[in-house]
Amino acid sequence: MIPPRTLPRLFAGAGERPNSLTQHLDIFGGNSRVEDPYAELQGSGLLGRGGAGFPTAKKVELLRTQRGHHKFVVVNAMEGEPAAHKDFRLLSTNPHLVLEGAEVLARLIGADRIAICVARDNPTLVNHVERAVHERARQNSRGPAIDLHTPPWRYIAGEESALVNWLDGRESLPQFRRHKPSILHIGRGAALVDNAETCANVALIARYGAQWFRSLGTSGHPGSTVVSITGAVVQPTVLEVNVGTTLRAILESARADTSPQAVLLGGYGGLWVGPEMLDAPYANDALGQAGLSIGAGIVVALPRQACGLVESHRVVRWMAHESARQCGPCAFGLPAIADDLAHVIRGGRDGVSARTRLEERCASVEGRGACRHPDGVIRFVRSALAVFSADLDHHLAGAPCAGARDRQRYLAVPSLEKEEELVWE
Amino acid sequence: MGVIRRHGQFVIRVNPILCDGFGHCAELAPEIIHLDEWGYPVIDPEPIPLADVGALTSARYAERGCPRQALFIERIPEPGAR
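The sections below set out a description of the structure shown in this document. Computed from a prediction, not measured in an experiment: that's the story for all the values here. (Residues numbered from 1 in each chain as written. Chains lettered and ligands numbered in written order. Predicted model: local features only at pLDDT ≥ 70, side-chain atom pairs only at ≥ 80, totals over all residues.)

### Details of the interface of chain A and chain B
- Tallying the contact residues gives ten residues for chain A and nine residues for chain B.
- Per element, the largest residue contribution to the side of chain A that touches chain B is three residues, and it comes from helix 13 (residues 328-346) of chain A.
- Taken together, the residues of the side of chain A that touches chain B sort by class into five nonpolar, four polar and one charged. (Contact = placed C-beta atoms within 7 Å. Helix = DSSP H or I, 4+ residues; strand = E, 2+ residues; numbered from the N terminus. Nonpolar A, V, L, I, M, F, W, Y, C, P; charged D, E, K, R; others polar.)

### Looking at the environment of A:Val310
Residue and element names in this part refer to chain A.
- Within the element layout of this structure, Val310 appears in helix 12 (residues 308-321).
- In this structure the C-alpha to C-alpha distance between Val310 and Arg405, which are 95 residues apart in sequence, comes to 9.6 Å.
- Ignoring anything within four residues of it in the chain, the contact list for Val310 reads Ile345, Gly403 and Ala404.

### Regarding the environment of A:Asp121
Residue and element names in this part refer to chain A.
- Of note, Asp121 is situated in the loop between strand 2 (111-118) and helix 6 (123-139).
- The class for Asp121 is partly exposed, based on 13 C-beta atoms found within 10 Å.
- Asp121 sits 43 residues away from Met78 along the chain, and the two C-alpha atoms are 9.9 Å apart. (Buried ≥ 20, exposed ≤ 12 C-beta atoms within 10 Å, placed from the backbone.)

### A look at the pairing of strand 1 (residues 9-14) of chain B
Residue and element names in this part refer to chain B.
- Sheet analysis places strand 1 next to strand 4 (residues 48-49), joined by two bridges and oriented antiparallel. For Phe10, the partnering residue across the bridge sits in strand 4 and is Ile48.
- Bridge analysis of strand 1 against strand 5 (residues 71-76) gives six bridges, and the strand direction is antiparallel. By the bridge assignment for strand 5, Arg13 is matched with Phe72. (Pairing = 2+ DSSP bridges.)

The following block contains the structure:
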């Protein structure tokens, strides 16, 4: 049993190796459960930890009212963001917590199958999860069947409709949905897609109840959350923090630069924030007033000597490359936006016209893709233009900062496979 | 086709995955649909009243004339109407 108001919760009993089932039961206290997990889940106010922050209880309610026998629970541990390591750390510390949460969700919606999706590019993680799944299958043969699926890693492969489409035997590409929120189907069975961290939280709620869960966090965003911190840090760190601690405290405990030039919140579809936001509490309800959110729990600290625009350009170029190229505005618009940003960085008279063109293109592409990928990139570009506006003026005047001439880069961006593929025709 | 509805509104929407940028829609319904610099439709998100027969007719032409069948008309019922 974990006492209330204490951390770690999700990372309890962390060691070198992933905890086995017996260790897991020792740490979290046997097979004790609350009487009514559905009521506790509704009372807990758990927000999904995959990035959108959708209330999990609402999602479960939507799936509970669906008819049909062969429903699915899909655990999304794809981790598309290159700066995120939270699903990796969670599944290589307490894999059984995630699986237990998925079993609880399966019981709530009446699903008979659980699909846990891990990118095949991380063989260590695949190994850990495979071992845990086998261990569970040996211990109890009743309950829903758990299958491990390993789709290839892509940025958009973790998007829920892409994931479900892949599980249904087709390509892992996002699908157009007329109405949102809509219910995704694998074959004829409705599927509940939840992030791995959400599942782990559900397991804790089903063990200890909503009261216990709400003893940490804020009233609008309860619980604890896992943050991946990269950028200006001694080493990339994954921390479990109380929701509502300030950003500065998070950076301090990760031994990161506590006076960064800017901080990227929520990953590569997220937003840059300036140093004035460092004392804001790290919670969706507080950040939401400023139009921000914690997204998928990614914090990237940008050091003072770096050039924010150059770093943003690298990210945007990579994101343009990661587009599925299904929708025209995304396939053509994102490379065009990346090019405009390059012109802005180069500066001069071209740069001034490129800047207006960039803003026009952002306005014209926004909201015109089947998924939210282009919207995320545009949000990112806009926040970069706003936060680095002083630096932007220097670039446009033809006097770029020292960081732009330096070769040192701080944001983790995978290398493009084929540079020439970026402009796709 | 023959009935003119006076109540309610419609919007024309596009499935961006199916759309290949043929551009027929902008020619068939120029008052509703414009093309962006790559030839993909930009549609005004403002709902149009169903009583606007001219707009509805051209929206139907655009819907029928799309080579990819990517356009669809979505009716928005008025909150008070049954």
